[in-house]
Amino acid sequence: MTLLSTLFPLICWFAYNNGVPFFEKRRPSLSVIMSMQRRRWVANAVKRDTPVDAILSGNLMGSVSFLASTSSILALAVFTAFGNLTALTDTLNTAGLRVSYTAQDVQIHLFTLLAIFVLSFFSFTLALRQFNHFCILLGAIDHSEHTTADEITAIAQLNTLAAKNFNNGIRAYYFAVPMVFWFISEWAAIGVSLVTVAFLIHREFFSSAHRVAASIAVLASRREKELGEGKG
């Protein structure tokens, strides 16, 4: 039971990442809707020669870089806890939390928590690299010539891929929360993991942000269709 509660948040994290694509076949998620807006961003960027797109890209990369640095600090903090394993175990057993963990239980749990932050670090750094490639491709566009739809789609897909890795790193932070609740109770870790999954599903498919983004996408698609018919 102790091992299951330790690994359960990690299992939920992987299950969510692999299960969301099946839900998206029935109902587009917030990430899918925003991917459509990313393509609109690139399509509009090729028509203007202003620094606004560079500023937007820089803001994205700044956020990713900050979270990547935070992940590395958290991983080092967890690694440092291994040096105080005995003191940490004694504190848990005397804190009145009604848990009785051995040093081996705490060590395995810290390894799992360390794995979560290391994986989040890799996700953020990969996203940072892909956003960097996106900036290069966006800057390489020649605004004096016509850009093909295939080129716009390819650049937008790179931006979407970077956003996917960024979201994966953010979810690692979410599932680190039930890892902390493990120190209170094994069942608390399992319960908070399930609540976290429910929260993420609601945010991606049923939240107010989803409804607003979907309505904007519909209005934009309708306007583009009307402009196309007007030109025709």
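Procedures and definitions
- Residues numbered from 1 in each chain as written.
- Predicted model: local features only at pLDDT ≥ 70, side-chain atom pairs only at ≥ 80, totals over all residues.
- Heavy atoms only, no water.
- Helix = DSSP H or I, 4+ residues; strand = E, 2+ residues; numbered from the N terminus.
- Contact = heavy atoms within 4.5 Å.
- Axes fitted to C-alpha atoms, helices over the stretch in contact; angles between N-to-C directions.
- Parallel < 35°, antiparallel > 145°, perpendicular 65-115°, else oblique.
- Left-handed = near helix turned anticlockwise from the far one by under 90°.
- Nonpolar A, V, L, I, M, F, W, Y, C, P; charged D, E, K, R; others polar.
- Phe/Tyr/Trp six-rings, centres within 6.5 Å; stacked < 30°, edge-to-face > 60°.
- Buried < 20%, exposed > 50% of the residue type's maximum accessible area, 1.4 Å probe, protein only.
- Polar contact = N/O pair within 3.5 Å; in protein donor to acceptor, adjacent residues only side chain to side chain.
- Salt bridge = Lys/Arg side-chain N within 4 Å of Asp/Glu carboxyl O.
- Expected span 1.5 Å × (residues − 1).
- Patch = residues over 30% accessible without salt bridge, like charges linked within 9 Å, V, L, I, M, F, W, Y side chains within 5 Å.
- Areas by Shrake-Rupley, 256 points an atom, 1.4 Å probe, with all protein chains shown as cover.

(A) Up close: the overall build of the chain. A tally of regular secondary structure across the chain gives eight helices and zero strands. In sequence order, the chain lays out its α and β elements as α-α-α-α-α-α-α-α. Sequence separation of 24 or more characterises 83% of the internal contacts of the chain that already satisfy a separation of 6 or more.

(B) Region of interest: the packing of helix 3 (residues 52-81) against helix 6 (residues 149-181). Axis separation between helix 3 and helix 6 bottoms out at 11 Å; the angle between their running directions is 40 degrees. Classed by the angle they form, the pair helix 3 and helix 6 counts as oblique. Between helix 3 and helix 6 lies a crossing of left-handed hand. Contact residues: helix 3 offers Val 64, Leu 67, Thr 70, Ser 71 and Leu 74, while helix 6 offers Phe 166, Ile 170 and Tyr 173. Among the residues making up the contact of helix 3 with helix 6, the classes are represented as six nonpolar, two polar and no charged.

(C) Representation of the packing of aromatic side chains. Scanning the model with the defined rule gives ten aromatic pairs in all. With 6.3 Å between their ring centres and 85 degrees between their planes, Phe 117 and Tyr 173 make a pair best called edge-to-face. With a gap of 56 residues between them, Phe 117 in helix 5 (residues 103-139) and Tyr 173 in helix 6 connect regions that are remote in the sequence. Accessibility expressed as a relative area gives 8% for Phe 117, which makes it buried. Between Phe 124 and Tyr 173, the ring centres sit 5.9 Å apart and the planes meet at 90 degrees, which makes this aromatic pair edge-to-face. Placement of the pair is Phe 124 in helix 5 and Tyr 173 in helix 6, with a sequence separation of 49 residues. Judged by its relative accessible area of 22%, Tyr 173 is partly exposed.

(D) Up close: the side chain of Ser 193. With respect to the element layout, Ser 193 can be found in helix 7 (residues 186-205). Take Ser 193: its relative accessible area is 0%, and that puts it in the buried class. Of note is the side chain of Ser 193, whose polar atom sits 2.7 Å from the backbone oxygen of Ala 189. Excluding residues within four positions of it along the chain, Ser 193 makes contact with Phe 8, Pro 9, Cys 12, Phe 175 and Pro 178.

(E) How the structure looks around the packing of helix 1 (residues 2-24) against helix 5. Their axes nearest at 9 Å, the elements helix 1 and helix 5 cross at an angle of 10 degrees. For the element pair helix 1 / helix 5, the angle class is roughly parallel. Residues Thr 2, Leu 3, Thr 6, Leu 7, Leu 10, Trp 13 and Phe 14 of helix 1 lie in contact with helix 5, whose contacting residues are Asp 105, Ile 108, His 109, Thr 112, Ile 116, Leu 119 and Ser 120. Of the residues that constitute the contact of helix 1 with helix 5, the class distribution is eight nonpolar, five polar and one charged.

(F) Representation of the pattern of salt bridges in the model. As enumerated under the stated definition, the model contains one salt bridge in all. Ionic pairing is found between Arg 203 and Glu 204, a salt bridge with its closest N-O pair at 3.6 Å. Taking relative accessible area as the criterion, Arg 203 reaches 23% and is therefore assigned partly exposed.

(G) Spatial organisation of helix 7. The end-to-end C-alpha separation of helix 7 is 29 Å, in line with the 28 Å expected for 20 residues at 1.5 Å each. Turning to helix 7, its buried residues number three or more, namely Glu 186, Ala 188, Ala 189, Ile 190, Val 192, Ser 193, Thr 196, Val 197, Leu 200, Glu 204 and Phe 205.

(H) How the structure looks around the environment of Leu 30. Relative to the helices and strands, Leu 30 is located in helix 2 (residues 30-45). Relative accessible area serves as the criterion here: at 16%, Leu 30 is assigned to the buried category. Measuring from C-alpha to C-alpha, the distance between Leu 30 and Phe 205 comes to 6.3 Å, with 175 residues separating the pair along the chain. In this view, Leu 30 contacts Arg 203, Glu 204, Ala 209, His 210 and Ala 213; residues no more than four positions away in its chain are not counted.

(I) Structural detail: a nonpolar patch on the surface. A surface patch of nonpolar side chains, amounting to about 670 Å² of accessible area, comprises Met 1, Leu 3, Leu 4, Leu 7, Ile 11, Ile 108 and Trp 187. A total of four residues in the nonpolar patch trace back to one element, the largest contributor, which is helix 1. Within the fold, Met 1 resides in the segment before helix 1.

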